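Here are the chains, one letter per residue:
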Amino acid sequence: MRAKQVVIAALSGLLVLGASGTVNAKSKVKKVDNRTTVANVVFKPTSESDLTNYVYDTVDPTAADYHQYLTPDQFAAKFGQSNSYIDSFKQYLAKYHLQATTFSGNLALKVKGHRVDMNRAFNAKYIKEKGRESRTQYKLPGKLSNQVVAVIGVYAEKPVSKKPTTKKKVAKKAAAKKHVITSAGLPTDVSKPDTTLSDNQFSNKYGAGKFAKQYQLNQLYNQGLSGKGQRIGIISTGDFKMSDLQKYWQQTGVNSSLSQIHKIYTIDNAKTSMDNMKKALSPYQMEASLDVQSASAVAPNADIDFYVGNSVNDATTSPAASFATFAQAISSNQDQQISTSFSPSVELTSHWNDHSASLKQYNHAFNLLLEQAAAQGITVFRASGDYGPREMAAKRENHPVSTSPYQVIVGGTTLPYQKIIKNKLVTVNKERAWGDTYTASAAEIKQGIFPGSGGGFSALNPTPRYQQGFPGVNTFRAVDSLKYSKGKMVINKQPRVIFGTGNSRNLPDVSGNADSQTGYATYFSGDQLSVDAKKKSIIRTPSKIWMVSGGTSYTAPQMAAANAVMNSGRQTRIGFWNPQIYKFAAEPDTPFNVLDDADNNSNLYYTGQPGKLYNQATGLGTINFDKLFNKFNGETGSNR
């Protein structure tokens, strides 16, 4: 997703230019693509309805299967495909020199090999399709294809014409692509924390202490709970430096050990990932750094399994890498909670970048994978996005993939503050939905950049059981403070109040502070790149950066860490949150603070709904973790 894009847009590196000049006809002949790629084959469960019922029963105190969480082997025996079927699939792929690994649970295979062999095994063909880069049609033997939900990541490239091209025409084409580069450094207006504060003061102002105090996690710390015995899985596309994490811990007073941090590389190996990170600072490194820093600070005694799913050679599609990384984390079953701030795309077909699996097929496959996680008692958290209901500037509402109902989607709020920002006095009197047009500079308004919590209605998933009939779900109040014009969002000078209904999965589920104006500190280091225009050379500037930023990608790992703190005081996993928390939210002693104000409480479109328990700006609201912990432990039949 685009989290932190405003703050670190320039970190993504330099534009790389192809040298202008002439090219002869031989260069147009297509070369065999022998890059190593990863694809996934996802299978049907033995009974999808039985699987869904089982998932809900694991968190229903009245059900016989309450807290009867499955191991991956038990899941495979109960819901997965047979070993014989999967072995026959692997034997078939081996004929084409492809390495196939079964994810425990027997719902999916990870397939690795050269692209040319992958295309041969799947009989892949390029299909021209309007509005997309390409679509790949594949064909498997009938006995193997019958139980397949989706094949993710197979890519048959568009055939290249071998027709000779004149030197004159090629030269003109190359010249037309020329760009001028001036700088790719960090913006100069990044907010910096006060590092002269003591570690406790720093934490309370910029870190875990601030989160814990605001959402009553301190009461659990006072009981001696700190995540001990728990493991938090973080799904990432980027990597981070252990030395940066140590620096952050030292500044914030976190008493943790690097032995608690475990990196797992799911696509590229550790050396490739680390070598790539050394080239220059990137948004991916910054995102990875803040994820691990946020989680480790909130649950200092928990172990962190950091899953790095990046592909330097760009042969593996982002949906394939994301799925394989999630599948490895879930099938290993060592993490009681998993968080991600990354998304391979948004819910728009025009932006979908996998070729062999449609957006709908991918969504189905991912739902099955998250149902396996729920059946194993794993709680999954996902950031809702940082640009309101439109993660991509578009006419249509769109959200980061996935909006699956089998995860906790975490939205954002703004804490009370008063500041002079860009010569304007800005006052926020109480915690509200995060949706900010009031601090925007002239440059930001011109670019159409406005931060706010993701929230609204899924384009892919129906309304789940736990949301059906819940007060506020599938109804909404909104103010169109922004409108889409000429490819970007602009401030609407005559906003309207809009009431309406929906009929799909509503998001987010819960919210927490995510505004950069009331945000958290992050530390990361590396080389910033700029260009010497006169010498036509790249300048590398070693940088050590402290910054205060925001985004739901801070809040999601914090929530996962808070779950680890709660789990460390229990004998059984809390498991699938959503059916439980919607039930708690309707009770008189709710652990949620509902942000239902209609005015000054918008995520750039949706607002609070007065008198309702749910709204698409902040979901159920913010959490009192002390009350939530007692709610989970107070369930009849709970085995503490």
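Up top is the structure.
What counts, and where the lines are drawn
- Residues numbered from 1 in each chain as written.
- Predicted model: local features only at pLDDT ≥ 70, side-chain atom pairs only at ≥ 80, totals over all residues.
- Heavy atoms only, no water.
- Helix = DSSP H or I, 4+ residues; strand = E, 2+ residues; numbered from the N terminus.
- Buried < 20%, exposed > 50% of the residue type's maximum accessible area, 1.4 Å probe, protein only.
- Contact = heavy atoms within 4.5 Å.
- Areas by Shrake-Rupley, 256 points an atom, 1.4 Å probe, with all protein chains shown as cover.
- Core = buried A, V, L, I, M, F, W, Y, C linked by side-chain atoms within 4.5 Å.
- Pairing = 2+ DSSP bridges.
- Axes fitted to C-alpha atoms, helices over the stretch in contact; angles between N-to-C directions.
- Phe/Tyr/Trp six-rings, centres within 6.5 Å; stacked < 30°, edge-to-face > 60°.
- Lys NZ or Arg CZ within 6 Å of the ring centre and 35° of its normal.
- Salt bridge = Lys/Arg side-chain N within 4 Å of Asp/Glu carboxyl O.
- 1 Å grid on protein atoms, 1.4 Å probe; cavity = no way out; pocket = protein on both sides within 12 Å on 5 of 7 lines; lining within 4 Å.
- Points joined across faces, edges and corners; volume = space filled by probe spheres on them.
- Nonpolar A, V, L, I, M, F, W, Y, C, P; charged D, E, K, R; others polar.
- Parallel < 35°, antiparallel > 145°, perpendicular 65-115°, else oblique.
- Left-handed = near helix turned anticlockwise from the far one by under 90°.
- Polar contact = N/O pair within 3.5 Å; in protein donor to acceptor, adjacent residues only side chain to side chain.
- Arc of directions from axis to C-beta.

A. Molecular detail of the overall build of the protein. Within the protein one finds 19 helices and 27 strands. Classification of the 640 residues of the protein by burial places 58% in the buried group. Considering only residue pairs separated by 6 or more positions, the protein has 78% of its internal contacts joining residues 24 or more positions apart. Accessible area for the protein stands at about 27000 Å²; split by element, carbon and sulfur atoms hold 49% of it.

B. Broad picture of the nonpolar core. Core analysis: the largest hydrophobic core is formed by 118 residues, its most contacted members being Phe323, Trp577 and Phe625. Top contributing element to this core by residue count: helix H15 (residues 359–375), with ten residues. Those residues in contact with Phe625 that sit more than four places away from it in its chain are Phe211, Tyr215, Gln216, Leu217, Leu220, Met559, Ala562, Met566 and Trp577. Grouped together as the second largest cluster of nonpolar side chains are 23 residues, Leu93, Leu98, Leu140 and Ala156 included.

C. Representation of the sheet that holds strand E1 (residues 36–43). With antiparallel pairing, the four strands of this open sheet are ordered in space as E2-E3-E1-E6. Strands at the two margins of the open sheet, each flanked by one partner only, are strand E2 (99–102) and strand E6 (148–152). Going from strand to strand, the sheet's axes swing by 20° on average, the running direction of each strand aside. Running at roughly 65° to E1, helix H14 (residues 318–332) makes contact with E1, strand E3 (108–114) and E6 of the sheet. Sitting on the sheet, H15 is in contact with E1 and E6, with an inclination near 110° to E6.

D. Seen up close, unusual backbone geometry. A cis amide bond links Val401 with the next residue in sequence, Ser402, at an omega value of 25°. Mapped onto the elements, Ser402 comes out in the loop between strand E12 (379–383) and strand E13 (408–414). Residues Leu507 and Pro508 are joined by a peptide bond in cis, for which omega reads 5°. When you line up the elements, Pro508 lands in the loop between strand E22 (506–507) and strand E23 (510–513). Its identity is not glycine, yet Asn474 carries a phi of approximately 65°, on the positive side. Within the element layout of this structure, Asn474 appears in the loop between strand E17 (456–457) and strand E18 (475–479). Take Asn474: its relative accessible area is 19%, and that puts it in the buried class.

E. How the structure looks around helix H18 (residues 577–585). Taken across its nine residues, H18 has eight buried, putting it largely inside the fold. Within the span of H18, buried status applies to Trp577, Asn578, Pro579, Gln580, Ile581, Tyr582, Phe584 and Ala585.

F. Region of the structure containing the packing of aromatic side chains. A full pass over the atoms with the stated rule returns 34 aromatic pairs. For the pair Tyr523 and Trp546, a centre-to-centre distance of 5.1 Å together with 50° between the ring planes defines the contact as tilted. Residue Tyr523 is found in strand E24 (residues 520–532), and its partner Trp546 is found in strand E25 (residues 537–549); the two are separated by 23 residues along the sequence. For Tyr523, a relative accessible area of 6% gives the class buried. Within the aromatic cluster, the residues linked to one another by ring pairs are Tyr56, Tyr406, Tyr466, Phe470, Phe576, Tyr582 and Tyr614. Taking NZ or CZ as reference, Lys419 lies 5.4 Å from the ring centre of Tyr417, over its face.

G. Here's a closer look at the pattern of salt bridges. Per the counting criterion, the structure on display carries twelve salt bridges. Residue Arg540 is joined to Asp527 by a salt bridge in which the shortest nitrogen-to-oxygen separation is 3.5 Å. With Arg540 in strand E25 and Asp527 in strand E24, this residue pair connects regions lying 13 residues apart in the sequence. Exposure remark for Arg540: the relative accessible area of 45% places this residue in the partly exposed category.

H. Local environment of the environment of Asp33. Mapped onto the secondary structure, Asp33 falls in the loop between helix H1 (5–8) and E1. Using a relative accessible area of 14% as the deciding quantity, one classes Asp33 as buried. Asp33 sits 81 residues away from His114 along the chain, and the two C-alpha atoms are 7.6 Å apart. Ignoring any residue separated from it by four or fewer positions in sequence, one finds Asp33 in contact with Arg115, Val116 and Glu157.

I. Examining empty space enclosed by the protein more closely. Tallied over the entire structure, the rule returns three cavities of 30 Å³ or more. In this structure, the largest cavity occupies an estimated 60 Å³ of space. Lining the largest cavity we find 13 residues, and of these Gly207, Tyr248, Gln293, Ser294 and Gln558 sit closest to its centre. At the level of elements, helix H13 (283–298), E24 and helix H17 (552–567) are the ones that each hand at least two residues to the lining of the largest cavity. Looking at the lining of the largest cavity element by element, the count peaks at five residues for H13. In the lining of the largest cavity, the residues fall into eight nonpolar, five polar and no charged.

J. View of the packing of H17 against helix H19 (residues 625–633). Their axes nearest at 11 Å, the elements H17 and H19 cross at an angle of 50°. The angle between H17 and H19 places the two elements in the oblique class. In the crossing of H17 with H19, the sense of the turn from one axis to the other is right-handed. Every residue of H19 that contacts H17 at Met559, Ala562 and Met566 is listed here: Phe625, Leu628, Phe629 and Phe632. Taken together, the residues that form the contact of H17 with H19 break down as seven nonpolar, no polar and no charged.

K. Fine view of the side chain of Ser289. Here Ser289 shows up in helix H13. A polar side-chain atom of Ser289 sits 2.8 Å from the main-chain carbonyl oxygen of Gln285.

L. Local environment of helix H8 (residues 199–206). Taken residue by residue, H8 has Phe202, Ser203 and Tyr206 as its buried positions. End-on, the buried residues of H8 take up no more than an arc of 100°, which puts them together on one face. Buried positions along H8 lie against helix H9 (208–214), helix H11 (242–252), E24 and E25.

M. Spatial organisation of the packing of H14 against H15. Relative orientation of the contacting elements H14 and H15 amounts to 15°, with a least axis distance of 10 Å. Viewed along their axes, H14 and H15 adopt a mutual orientation that is roughly parallel. Between H14 and H15 the crossing geometry is left-handed. Along the contact surface, H14 presents Pro319, Ser322, Phe323, Phe326, Ala327, Ile330 and Ser331, while H15 presents Tyr362, Ala365, Phe366, Leu369, Leu370, Gln372 and Ala373.

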